[in-house]
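# Chains, contacts and geometry: an overview
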Amino acid sequence: MDISFIPRHYKLFLAISVVIAVTFCSFAPFVQTVNNVDYFRLQDHPDQKFHDEFQEVFGNDEFFVIAFKKDDIFTRQNLSLIEELTSKLEKMELARDVVSLANVDHIVGSEDYFLVQPFLAHLPDTREELSVLRNQALNNPLYVDNLISADGTTAAIVIFAHDRPDDPDYRGRLLEQTRRVLEPHQKDVQFFLAGWTVTNYGLSQYMQSDLARFIPITYFLLAVVTYLFFGNIRLVILAVINISAVLGSTMGLFRILDIPINNVTTVVPPLVMALTLTTIVHIFTHLQLSVLNSFPDKSRALGHVLNRVAVPCFLTSLTTAVGFLSLSISDLEPIRQFSILAAAGMVFGFFFSFFLLPPLIMLFDPQKLYLLVRDEQRLTRMLKGLYFQVCSHRHKIIGIGL
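Residues numbered from 1 in each chain as written. Predicted model: local features only at pLDDT ≥ 70, side-chain atom pairs only at ≥ 80, totals over all residues. Heavy atoms only, no water.

### Examining the overall build of the chain
Quick reminder of the rule: Every helix listed is a DSSP run of H or I at least four residues long, and every strand listed is a run of E at least two residues long, numbered separately from the N terminus. Radius of gyration means the value over C-alpha atoms here, while the globule rule gives 2.2 Å times the residue count to the 0.38 power. For every residue, the accessible area (1.4 Å probe, protein chains only) is compared with the maximum for its type, and the residue is labelled buried under 20%, exposed over 50%, or partly exposed between those bounds. His is not counted, nor are the chain ends; Lys and Arg add positive charge and Asp and Glu add negative charge. Where a charge lies is defined by one atom per residue type, namely NZ (Lys), CZ (Arg), CG (Asp) and CD (Glu).
A count of helical and extended segments in the chain gives 15 helices and six strands. Relative to the compact-globule value of 21 Å for 402 residues, the chain shows a C-alpha radius of gyration of 32 Å, a clear excess of over 25%. Taken along its principal axes, the extent of the C-alpha atoms in the chain is 105 × 50 × 40 Å. Every one of the 402 residues in the chain was classed for burial, and the buried ones make up 42%. Across the chain, the 32 positively charged side chains and the 39 negatively charged ones have centroids separated by 20 Å.

In structure tokens, the structure reads:
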């Protein structure tokens, strides 16, 4: 594979690479994130079809619980708090229904009749009335472990959510409204929120915070590793620029293909960054002063370097991309999306490493980039020793490996 023409026409390929990078990167700021994890289900699975049919008959069953603990829930102050919170939560337009001791029905029956009345029709004024109310609640199996704990110290308010699959931000807005209602009371009461709504939204928030944390950390580690291996800040800068072009283009492809960042595709950015560095390192290790001094100009020297590493880098990128694409047979949509983006990231990694990085190298003084490799270096001696050991005992190694 002869690609020595790249450094000879480096200005042309630099312009082409920049245009391609800018084109894809311009879509990156508009990448969307998924604020739920409902996509982790098989649409054609019998269990999913049964669940969909169940919801058509009985409606949406999603809810979450607000719980808080007191020494005794059945005091006028605590019952007043439940009543106030329930009233405010019921006024939220995003909540489908709210159930608590403040609005639940209390059924009293005998042989001749039964009476349905609000459990908390009015706030008791005396200890005797509070004691009666406590006994009624703790002796009702519909209340215990649903709206009140068996010891009467923990109360729950249940909020039912609407079924809005086409509104990915609905859960986030519902929880935000709920927290605004609870906020004025949080100085005196510690509230606990739990349920599928909270878990679903929480997982998406962890995903976004992890992505915001991992990309800077990955940049830092890649820069440190590159500097430790080569001891040249200019090579570090070139590596960061090239990785940024690959990352930005891959993120732009998210938006172009209308694929959101979810709990699976969030792995793609740091993964692509790390794998791109392997190609960059392979090129950098061949930038040796001995090679530079063997050619009359820097373009031929760099062309020689690229020809030496092009085939192994191409095969590595190709096989890795094919490996990622093998996941496209998965029945889960997020896995298929990951396979496409990860494979595309490998393509971007190879393209920019050979069509953007070499022109950037040509812009620098080669004497400040090419490395002086000494045979007496410890790492060089170790690798040579390992090479001879492998060649000398290849049959044993193959047998042990099998």
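### Side note on the nonpolar core
Just so we agree on the cut-off: Here, the term nonpolar core denotes a set of buried Ala, Val, Leu, Ile, Met, Phe, Trp, Tyr and Cys residues that are joined through side-chain atoms within 4.5 Å.
Counting 64 residues, the largest nonpolar core has F284 and F354 as the members making the most contacts within it. Listing elements by their share of this core, those giving two or more residues are α2 (10-25), α7 (196-230), α8 (233-256), α9 (268-284), α10 (289-292), α11 (298-325), α12 (333-355) and α13 (357-362). If one sorts the elements of this core by residue count, α12 sits on top with eleven residues. If you look at the next biggest cluster of nonpolar residues, it comprises 41 residues, including I82, L101, L182 and V189.

### A closer look at the environment of L257
Formally: In this analysis, two residues are considered to be in contact whenever any of their non-hydrogen atoms come within 4.5 Å of each other.
Within the fold, L257 resides in the loop between α8 and α9. If we skip the residues at most four places from it in the chain, L257 touches I340 and L341.

### Description of the sheet that holds strand β1 (residues 63-69)
Selection rule: Strand pairing is assigned whenever DSSP detects at least two bridges linking the two strands. Only the stretch in contact is used when a helix axis is fitted, and all axes are lines through C-alpha atoms; the angle between N-to-C directions ranges over 0 to 180 degrees.
If you walk across this open sheet you meet the four strands as β2-β5-β1-β6, and the pairing is antiparallel. Each of the sheet's edge strands pairs with one partner strand only, and the pair in question is β2 (95-99) and β6 (192-195). Going across the sheet, the axis of each strand differs from the next one's by a mean of 25°, ignoring polarity. In this structure, β1 lies alongside β6, joined through four bridges in antiparallel fashion. Bridge pairing in β6 links V65 to A194.

### What about the packing of aromatic side chains?
To keep things clear, this is the line we draw: Within 6.5 Å between ring centres, the rings of Phe, Tyr and Trp (the latter by its six-membered ring) count as paired, and their orientation is classed by plane angle as stacked under 30 degrees, edge-to-face over 60, tilted in between.
A complete count under the given rule lists 14 aromatic pairs for this structure. The interplanar angle of 70° and the centroid separation of 5.2 Å between the aromatic rings of F119 and Y143 together place this pair among those described as edge-to-face. Here F119, found in the loop between β4 (114-118) and α5 (127-138), pairs with Y143, found in the loop between α5 and β5 (154-161); they are 24 residues apart in sequence, far enough to count as distant. With centroids separated by 5.7 Å and ring planes inclined at 85°, the aromatic side chains of F230 and F284 adopt a geometry described as edge-to-face. With F230 in helix α7 and F284 in helix α9, the pair connects residues that are 54 residues apart, well separated along the chain. Considered together, F230 and F284 belong to a single accessibility category, that of buried residues.

### Structural notes on the pairing of β5
Most of β5 is tucked away, with six of its eight residues classed as buried. Bridging between β1 and β5 involves seven bridges; their strand directions are antiparallel. Within the sheet, the bridge partner assigned to I66 lies in β5 and is I157. Relative to β5, β2 runs antiparallel, the two being bridged by four bridges. Each bridged residue has a counterpart across the sheet, and for A95 the counterpart in β5 is A161.

### Considerations on the packing of α11 against α12
Stated precisely, the cut-off is as follows: Each angle is binned into one of four classes, with values under 35 degrees roughly parallel, values over 145 roughly antiparallel, values of 65 to 115 roughly perpendicular, and all other values oblique.
It is at 8 Å that the axes of α11 and α12 come closest, and there the two elements cross at 170°. In terms of orientation, α11 lies roughly antiparallel with respect to α12. Residues L306, V309, A310, C313, F314, S317, T320, A321, F324 and L325 of α11 form the contact with α12, whose participating residues are F338, S339, I340, A342, A343, M346, F350 and F354.

### Quick notes on helix α6 (residues 170-182)
Threshold: Multiplying 1.5 Å by the helix residue count minus one yields the expected span of that helix.
Taking 1.5 Å of rise per residue, 13 residues should cover 18 Å, and α6 covers 19 Å from first to last C-alpha, within 8% of that figure. Every buried residue of α6 is accounted for by Y170, R171, G172, L174, L175, Q177, T178, V181 and L182. Of the surrounding elements, those touching the buried residues of α6 are β1, α4 (76-90), β2, β5, β6 and α7.

### As for a nonpolar patch on the surface
Filter applied, for reference: Each patch is built from salt-bridge-free residues with over 30% relative accessible area, joining like charges within 9 Å and nonpolar side chains (Val, Leu, Ile, Met, Phe, Trp, Tyr) within 5 Å. Exposure was quantified through the Shrake-Rupley algorithm and a 1.4 Å probe, taking into account, for residues, occlusion by the shown protein chains and nothing else. Salt bridge, as used here: a side-chain nitrogen of Lys or Arg that lies within 4 Å of a carboxyl oxygen of Asp or Glu.
A grouping of F214, I217, F220, L221, V224, Y227, L228, I233, I237 and I241 is seen on the molecular surface, where their side chains present a nonpolar patch of about 960 Å² in accessible area. For the nonpolar patch, the secondary-structure elements that each account for two or more residues are α7 and α8. By residue number, the principal contributor to the nonpolar patch is α7, which donates seven residues. Within the element layout of this structure, I217 appears in helix α7.

### Considerations on the side chain of S4
Just so we agree on the cut-off: In protein, a polar contact means a hydrogen-donor-capable atom and an acceptor-capable atom, both N or O and within 3.5 Å, with residues adjacent in sequence counting only if both atoms are side-chain atoms; elsewhere, any N or O pair within 3.5 Å suffices.
The topology assignment puts S4 in the segment before α1 (5-8). The buried category is assigned to S4, whose relative accessible area is 15%. Polar contacts involving the side chain of S4 include one to the side chain of R8, which spans 3.2 Å. Contacts of S4, omitting those with residues within four sequence positions, involve G303 and N307.

### Focus: the packing of α2 against α8
Just so we agree on the cut-off: Definitions for this section: a left-handed crossing has its near helix turned counterclockwise from the far helix by less than a right angle. A right-handed crossing has that turn clockwise. Each residue receives one of three labels: charged for Asp, Glu, Lys and Arg, nonpolar for Ala, Val, Leu, Ile, Met, Phe, Trp, Tyr, Cys and Pro, and polar for the others, Gly being one of them.
It is at 7 Å that the axes of α2 and α8 come closest, and there the two elements cross at 45°. The orientation of α2 relative to α8 falls into the category oblique. In the packing of α2 onto α8, the handedness of the crossing is left-handed. Of the residues in α8, those touching α2 at A21, F24 and C25 are A245, G248, S249, G252, L253 and I256. In terms of residue class, the contact of α2 with α8 is made up of six nonpolar, three polar and no charged.

### Considerations on the pattern of salt bridges
The tally for this structure, following the rule as stated, stands at nine salt bridges. The partner of E84 in a salt bridge is K88, with the nearest N and O atoms 3.0 Å apart. Pair noted here: E84 and K88 are both in helix α4, with a separation of four residues, about one helical turn.

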